[in-house]
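Coordinate inspection notes
The primary structure of each chain is shown beneath.
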Amino acid sequence: MERNSTISTDILEIQGFDISPEFMYPLFFLLLFVYFSLLFSNIGVLVLIITEKSLHQPMYILFCNLSVNDLIGNTVLLPRLMSHILSTERFITYNQCVAQAFYSHTFGSASHMILVIMAIDRYVAICHPLRYSSIMTTRAVVGLSATAWGVSLVLVSVLIGLTVRLSRCRSVVQNAYCDNASLFKLSCEDVSINNIYGLVFTVLLFSCSMGGIGITYFRIALICWMKKNKELSNRALQTCASHLVLYLIMLLSGFLTIILHRFPKYPDLRKIAYILFHVVPANLNPIIYGMQTKSLRHKITQILQGKVTPT
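Every chain begins its residue count from 1, and numbering advances along the sequence as written. For this predicted model, a pLDDT threshold of at least 70 governs which residues receive local features, and a threshold of 80 or more governs which side-chain atom pairs are given and counted, while totals over whole chains, interfaces and linings are taken from all residues. Water and hydrogen atoms play no part in the side-chain values, which are based on all heavy atoms of the structure.

1. Observations concerning the overall build of the protein
When its secondary structure is counted, the protein shows ten helices and three strands. Under the scheme used here, helices are H or I runs from DSSP no shorter than 4 residues and strands are E runs no shorter than 2 residues, and both carry numbers assigned from the N terminus. Reading the helices (α) and strands (β) of the protein from amino to carboxyl end gives β-α-α-β-α-α-α-β-α-α-α-α-α. Buried means the residue's accessible area, taken with a 1.4 Å probe over protein chains only, is under 20% of the maximum for its type, while exposed means over 50%, and partly exposed covers the values in between. Expressed as a percentage of the 311 residues in the protein, the buried residues total 47%. Counting contacts in the protein only where the partners sit at least 6 residues apart, residues at least 24 apart contribute 80% of the total. Any two residues having at least one pair of non-hydrogen atoms within 4.5 Å are treated as being in contact.

Put into structure tokens, the structure is as follows:
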């Protein structure tokens, strides 16, 4: 009967986490602290970069993309997740669920693409320092940023579009949040196309990000080895280490989320991995780049010491 029945209700139930009452409020306040800390740090860095003319450089402008993406991705996920932790009735409309899945997947895709264009910026800065200003012009930075967002939006639009065409025979989202896999599992129709495109989407995204970052870092390492310049090697290590650490954290948590979707026996582990995929990079981005980047670190230190104002 379930395979032949179609439901028309727009109200979905979120499975969420099975949390003991004594842990509800501690977990809620922990997530609240994490959310406010990432809001404060990312908005603070954005305001600092926008208001300080000395930071109007390609690297910092590209970093703004990362902060904006982190703010959007976590604002879509965390507030509703926190409300569901305190509530026994976890309901969401179908349109809200689709919107959450769309922004969530856009967050993941854009994170990969933005880190790729940031790797290109580092490659030009280290391997072609004398031509950096002529290559990384304002037009080039805007073009790279638009490409990163445009590719992500197109890929995710097709991904979600293939899912919303399906009829639904279930109303319970087997997850703590809405994502594409949870949405098409609500259908009893054949989802082979969704699985095929999802696989192509994942392979294409990871191949582009891993290939792009791998090639740029290999070229940087090759240039440093050939020139045998200690100053150049130290500069490359300082500017690339933070970028690589952040990318590896995001890559591992993303792989873990995708793999655990294939193992229904570990639903809570998959939910936690997905939340960490959103939260950890968003909190680490301003810290890592703020501490590793000399100009940004200097400005933050001056503001904290009261020597200058953000404007």
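2. Let's talk about the environment of L244
Of note, L244 is situated in helix α8 (residues 230–260). Distance in space between the C-alpha atoms of L244 and L115 is 9.1 Å, their sequence separation being 129 residues.

3. Points about the packing of helix α3 (residues 94–127) against helix α7 (residues 192–227)
Packing of α3 against α7 brings their axes to within 9 Å, and their N-to-C directions diverge by 15°. Accordingly, the angle class assigned to the pair α3 and α7 is roughly parallel. Here the hand of the crossing between α3 and α7 comes out left-handed. Contacts from S109, H112, M113, L115, V116, A119, I120, R122, Y123, I126 and C127 in α3 reach F201, L205, F206, C208, S209, I213, T216, Y217, R219, I220 and I223 in α7. Gly is placed with the polar residues, together with every amino acid not listed as nonpolar (Ala, Val, Leu, Ile, Met, Phe, Trp, Tyr, Cys and Pro) or charged (Asp, Glu, Lys and Arg). Classifying every residue of the contact of α3 with α7 by side-chain character gives 16 nonpolar, four polar and two charged. The axes used here are C-alpha line fits, helices contributing only the stretch in contact, and every angle between their N-to-C directions lies in the interval 0 to 180 degrees. These descriptions rest on fixed angle ranges, namely under 35 degrees for roughly parallel, over 145 for roughly antiparallel, 65 to 115 for roughly perpendicular, and the rest for oblique. Left-handed describes a crossing in which the near helix is turned anticlockwise from the far one by less than a right angle; the clockwise case is right-handed.

4. A few points about the sheet that holds strand β3 (residues 172–173)
Remark on secondary structure: sheet strands pair via backbone hydrogen bonds, oriented parallel or antiparallel. The strand order across the open sheet built from three strands is β2-β1-β3, with neighbouring strands paired in mixed fashion. Looking at the sheet topology across the chains shown, the edges are occupied by β2 (91–93) and β3. Docked against the sheet, α3 engages β1 (11–14), β2 and β3, running at close to 85° with respect to β2. Paired strands, in this sense, are two strands between which DSSP finds at least two bridges.

5. Focus: the packing of aromatic side chains
Note on aromatic contacts: the rings of Phe and Tyr and the six-membered ring of Trp form a pair at centre separations within 6.5 Å, being stacked when their planes are under 30 degrees apart, edge-to-face when over 60 apart, and tilted otherwise. In the structure shown here, the tally under the stated rule is four aromatic pairs. Aromatic pair Y35 and F36: ring centres 6.1 Å apart, planes at 45°, arrangement tilted. With a relative accessible area of 48%, F36 lands in the partly exposed category. To sit over a ring, a charge needs its Lys NZ or Arg CZ within 6 Å of the ring centre and within 35 degrees of the ring normal. Lying across the ring of Y94, R168 places its NZ or CZ 4.0 Å from the centre.

6. Focus: the pattern of salt bridges
Here a salt bridge means any side-chain nitrogen of Lys or Arg lying within 4 Å of a carboxyl oxygen belonging to Asp or Glu. If you walk through the whole model with that rule in mind, you get two salt bridges. Where R168 meets D10, a salt bridge forms, and the shortest distance between an N and an O atom there is 3.8 Å. With R168 in the loop between α5 (138–164) and β3 and D10 in the segment before β1, this pair connects stretches of sequence that are 158 residues apart. Overall, the relative accessible area of 12% leaves R168 in the buried class. The class of D10 is partly exposed, set by a relative accessible area of 44%. We note a salt bridge from D121 to R122, for which the minimum N-O separation is 2.7 Å. Here the two residues D121 and R122 agree in accessibility, since each one is buried.

7. A short note on the UniProt feature "transmembrane region" (unreviewed entry) in the protein
With numbering aligned to this structure, UniProt lists the feature "transmembrane region" (unreviewed entry) at residues 27–50, 62–82, 102–120, 141–162, 196–220, 241–260 and 272–291. Counted over residues 62–82, helix gives 100% and strand 0%. Its end C-alpha atoms are 31 Å apart. Regarding residues 102–120, the helix share stands at 100% and the strand share at 0%, and the terminal C-alpha atoms are separated by 27 Å. UniProt positions are given in the numbering used here, feature names are shortened, and annotations may be inferred rather than shown by experiment.

8. So, α7
A helix is expected to span 1.5 Å for every residue after the first. The end-to-end C-alpha distance of α7 is 52 Å, a good match for the 52 Å that 36 residues give at a rise of 1.5 Å each. Two residues or fewer past α7, K228 is found with a positive phi of approximately 50°.

9. Topic: the state of the cysteines
A covalent bond between the sulfur atoms of two cysteines is referred to as a disulfide. We call a pair of cysteine sulfur atoms a disulfide when they lie within 2.5 Å. The full count for this structure, using the stated rule, is two disulfides. Across the disulfide, C97 is cross-linked to C178 (sulfur-sulfur distance 1.9 Å). With the S-S bond torsion at -110°, the cross-link from C97 to C178 turns out left-handed. With C97 in helix α3 and C178 in the loop between β3 and α6 (180–184), this residue pair connects regions lying 81 residues apart in the sequence. There is a disulfide in this structure between C169 and C188, and the S-S distance comes to 1.8 Å. Note on the C169 and C188 pair: the S-S dihedral is about 80°, so by sign convention the disulfide is right-handed. In this pair, C169 is assigned in the loop between α5 and β3 and C188 in the loop between α6 and α7, connecting sequence segments 19 residues apart. By the burial criterion, C169 is buried, and C188 matches it.

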